[in-house]
Amino acid sequence: MSRDTQPVAASREEQWSRVRARLRSAVGEAAFNSWLRPLSVSSGENGGIRIVVPTRFMRDWVVKNYADQMHSLWCDECPDSGPIDIEIAVAADAPPAAVGAEAEARDGGLDLDIDPRFTFANFVVGKPNELAYAAAQRVAEAGTVPFNPLYLAGGVGLGKTHLMHAIAGAIRTRLPGRRVVYVSAERFMYEFIRALRYKNVMSFKEQFRSVDVLMIDDVQFIAGKESTQEEFFHTFNALIDQGRQIIISGDRSPSDLDHMEERMRSRLGWGLVADIHATDYELRLGILQSKAEQMAATVPGQVLEFLAHRITSNVRELEGGLNRVLAYSNLVGRPITLETTQEVLKDLLRANDRRVSIEDIQKRVAEHFNIRLGDMHSPRRARAVARPRQVAMYLCKQLTTRSLPEIGRKFGGRDHTTVMHAVRKIDELRQADSALHEDVELLRRMLEN
Ligand code: ADP
Ligand code: MG
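Cut-offs used in this document
- Residues numbered from 1 in each chain as written.
- Chains lettered and ligands numbered in written order.
- Predicted model: local features only at pLDDT ≥ 70, side-chain atom pairs only at ≥ 80, totals over all residues.
- Heavy atoms only, no water.
- Near = heavy atom within 4 Å.
- Polar contact = N/O pair within 3.5 Å; in protein donor to acceptor, adjacent residues only side chain to side chain.
- Areas by Shrake-Rupley, 256 points an atom, 1.4 Å probe, with all protein chains shown as cover.
- Domains from an automatic or database assignment.
- Helix = DSSP H or I, 4+ residues; strand = E, 2+ residues; numbered from the N terminus.
- Expected span 1.5 Å × (residues − 1).
- Axes fitted to C-alpha atoms, helices over the stretch in contact; angles between N-to-C directions.
- Parallel < 35°, antiparallel > 145°, perpendicular 65-115°, else oblique.
- Left-handed = near helix turned anticlockwise from the far one by under 90°.
- Contact = heavy atoms within 4.5 Å.
- Nonpolar A, V, L, I, M, F, W, Y, C, P; charged D, E, K, R; others polar.
- Salt bridge = Lys/Arg side-chain N within 4 Å of Asp/Glu carboxyl O.
- Buried < 20%, exposed > 50% of the residue type's maximum accessible area, 1.4 Å probe, protein only.
- Pairing = 2+ DSSP bridges.
- Phe/Tyr/Trp six-rings, centres within 6.5 Å; stacked < 30°, edge-to-face > 60°.
- Lys NZ or Arg CZ within 6 Å of the ring centre and 35° of its normal.

Asks: How do you make sense of the site of ligand 1 when you look at a structure like this?
Replies: Taken together, 18 residues form the shell around ligand 1, and within it Val124, Gly157, Thr161, His162 and Arg316 come nearest. With respect to ligand 1, the side chain of His162 contributes an N or O atom lying 2.6 Å from an oxygen atom. Lys291 has a polar side-chain atom sitting 3.2 Å from a nitrogen atom of ligand 1. Taken by itself ligand 1 offers 560 Å² of open surface, and the protein chains cover 96% of this. Mapped onto the domain boundaries, the shell around ligand 1 takes at least three residues apiece from domain 2 (130–276) and domain 3 (281–354).

See the structure below:
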């Protein structure tokens, strides 16, 4: 076959896959997965190349860090290739885990395209998710079906999809002959409705007959959708009867699924229901440490702790926050500090704000150290009042989104440099003085609840 007869798009794809492979070995797995895996290519104007990036942040980062490298690799592949444009995809800033949408593009096949970031090894285990993790591992490793179904129950962004991919990946490695099918409940419904419309319900059913492991993600989606539920119920029962493993996820436990038929609810709860609880501080910190390590990024412990304290909504936002800070620090070429972190994540932090006020902090700290509230504002410099005052300033910086000058004003009109000094001082003392460290942690916990 002569080169000339190849469709342009196909050869672009091929070039891209070679460029990608070389980029991957040049930048390493972690950076590749974080920044380059999500890119796709298409032909641009005048024979140029268009690289499409999911979000603005990623675009900026990729332009700054990888554009030159990409360009030179591309010139190696294809010396007369035109300019490279790096653009944001139309649906910018959509959540990254659009597994359903991705599957959509692969015309009809339900076999899972496993996300390589979602492995057991990359899943950080803590109290809130240990049962779900252990159950998922058991399912992935067991020769027989240990519990059926395994139902993973937890709020958005807490790792349900991650664990499902991890199970699929582990089974695929260990038992490559097994057919593992993953489908979002939404997709299941879509396929089913399409089958009804085109009168090929038989072939729809067929798809599931040869499945060894069936995973249905976000089952709450079919609550209230009667005919889909009915079909799902039959598929479910048929597979259970044949001893095939079923794994379901939902944003709440089966018994709390409103608008779900009673028989379905009780069926879903037959096996093991493993709750994934909201993250706690330790887990969030562990996740951040592990992500920073995976990306080979140096982030001060203080910044990780700050993020773990302040972004409490879910793990997706936590990761997003860390990514943004890393991208920013790389773009401006400065190391990450607490200050830049607060600046870059202002909006995210506000959304997660627990609304601890400066007044609350002053009051608590004064009580704790047995000084008068007035001493927070007074000019007295005696150690007995100055130290607690510094602790209060430190906590204000950590727990609120107030700027240094704003904090200074609330402490009897002190200068922002005084606040900065207090923050540094307490940080330093905490390393050496374990009693003070305990005091600070205790206060923080009280203020956060
Ligand atoms: P869910 O499906 O429950 O909404 P996901 O599985 O999509 O949540 O998780 C959201 C993001 O958070 C993913 O990038 C995932 O890798 C990450 N994540 C969640 N929990 C953990 C964890 N315990 N350890 C590491 N990463 C996690
Ligand atoms: Mg999910």
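Asks: Sorry, what's going on with helix α7 (residues 185–197) here?
Replies: Since one α-helical turn is 3.6 residues long, residues separated by three or four positions face the same way. In this model, α7 (13 residues) spans 18 Å end to end at C-alpha, consistent with the 18 Å of a helix rising 1.5 Å per residue. Of the residues flanking the end of α7, it is Lys199, one or two places downstream, whose phi is positive at about 55°.

Asks: I tried to follow the packing of helix α5 (residues 130–141) against helix α6 (residues 160–174) on my own but got confused; where do I start?
Replies: In a packed pair of helices, the relevant descriptors are the angle between the two axes and the axis-to-axis distance. α6 packs onto α5 with a crossing angle of 25° between their chain directions and a minimal axis gap of 9 Å. Judged by the angle between their axes, α5 and α6 are roughly parallel. Along this stretch, α5 crosses α6, giving a crossing that reads as right-handed. Each of Ala132, Tyr133, Ala136, Val139, Ala140 and Glu141 in α5 lies in contact with α6, whose residues at this interface are Leu163, Ile167, Ala170, Ile171 and Arg174. Taken together, the residues that form the contact of α5 with α6 break down as 9 nonpolar, no polar and 2 charged.

Asks: Quick question: what am I supposed to make of the pattern of salt bridges here?
Replies: In a structure, side chains of opposite charge can pair up when their charged atoms sit close to one another. Inspection of every chain in the model, using the stated rule, returns 23 salt bridges. Of the charged contacts in the structure, one is a salt bridge between Glu343 and Lys346, with a shortest N-O distance of 3.5 Å. Of the residues examined, Lys346 reaches a relative accessible area of 36% and is grouped as partly exposed. Put simply, Lys410 and Glu359 hold a salt bridge, and the shortest N to O gap is 2.9 Å. Placement of Lys410 in helix α18 (residues 404–410) and of Glu359 in helix α16 (residues 358–369) is noted, with a sequence separation of 51 residues between them. One connected set of salt bridges, linked through shared partners, spans Arg187, Glu191 and Arg194.

Asks: Sorry, what's going on with the environment of Val124 here?
Replies: When you line up the elements, Val124 lands in the loop between α4 (99–105) and α5. Along the backbone, Val124 and Leu288 are 164 residues apart, and their C-alpha atoms lie at a distance of 9.4 Å. Each residue touching Val124, except ones within four places of it in the same chain, is listed here: Asn129, Leu283, Gly286, Ile287 and Ser290.

Asks: What exactly am I supposed to notice about helix α17 (residues 383–399) here?
Replies: Taking 1.5 Å as the rise per residue, α17 with 17 residues should run 24 Å; its terminal C-alpha atoms sit 24 Å apart, in good agreement. Counting buried positions over the 17 residues of α17 gives 14, a clear majority of the element.

Asks: Explain the packing of α16 against helix α20 (residues 434–448) here, please?
Replies: Following both chains from N to C, one finds α16 and α20 inclined at 135°, their axes separated by 11 Å at the closest point. Judged by the angle between their axes, α16 and α20 are oblique. Of the two possible hands of crossing, α16 and α20 adopt the one that is right-handed. Residues Asp360, Ile361, Arg364, Val365, His368 and Phe369 of α16 pack against Asp439, Leu442, Leu443, Met446 and Leu447 of α20. In terms of residue class, the contact of α16 with α20 is built from 7 nonpolar, 1 polar and 3 charged.

Asks: Would you take a moment to explain the pairing of strand β5 (residues 180–184) for this structure?
Replies: Successive residues of a regular strand alternate their side chains across the two faces of the sheet. In terms of burial, β5 is a largely internal element, 5 of the 5 residues being buried. Along β5, one buried face is formed by Val180, Tyr182 and Ser184 and the opposite face, lined by Val181 and Val183, is buried too. With 5 bridges joining them, β5 and strand β6 (residues 213–217) adopt parallel strand pairing. Bridge assignment links Val181 to a residue of β6, and that residue is Leu214.

Asks: Can you help me understand the packing of aromatic side chains in this one?
Replies: For any pair of aromatic rings, geometry is given as the distance between the ring centres together with the angle between the planes. One pass over the full model with this rule turns up 9 aromatic pairs. Aromatic side chains Phe188 and Phe204 sit 5.4 Å apart centroid to centroid with 70° between the ring planes, which places their arrangement in the edge-to-face category. Of this pair, Phe188 sits in helix α7 while Phe204 sits in helix α8 (residues 201–209), placing them 16 residues apart in sequence. Note on accessibility: Phe188 and Phe204 belong to one class, buried. With a centroid separation of 5.3 Å and 65° between ring planes, the pair formed by Phe204 and Phe208 is classed as edge-to-face. Of this pair, Phe204 and Phe208 both sit in helix α8, 4 residues apart, which is roughly one turn of that helix. The class of Phe204 is buried, set by a relative accessible area of 2%. Taking relative accessible area as the criterion, Phe208 reaches 3% and is therefore assigned buried. An aromatic cluster of three or more residues is present, and its members are Phe188, Phe192, Phe204, Phe208, Phe232 and Phe236. Above the face of the Phe221 ring, Lys225 is positioned so that its terminal group lies 4.6 Å from the ring centre.

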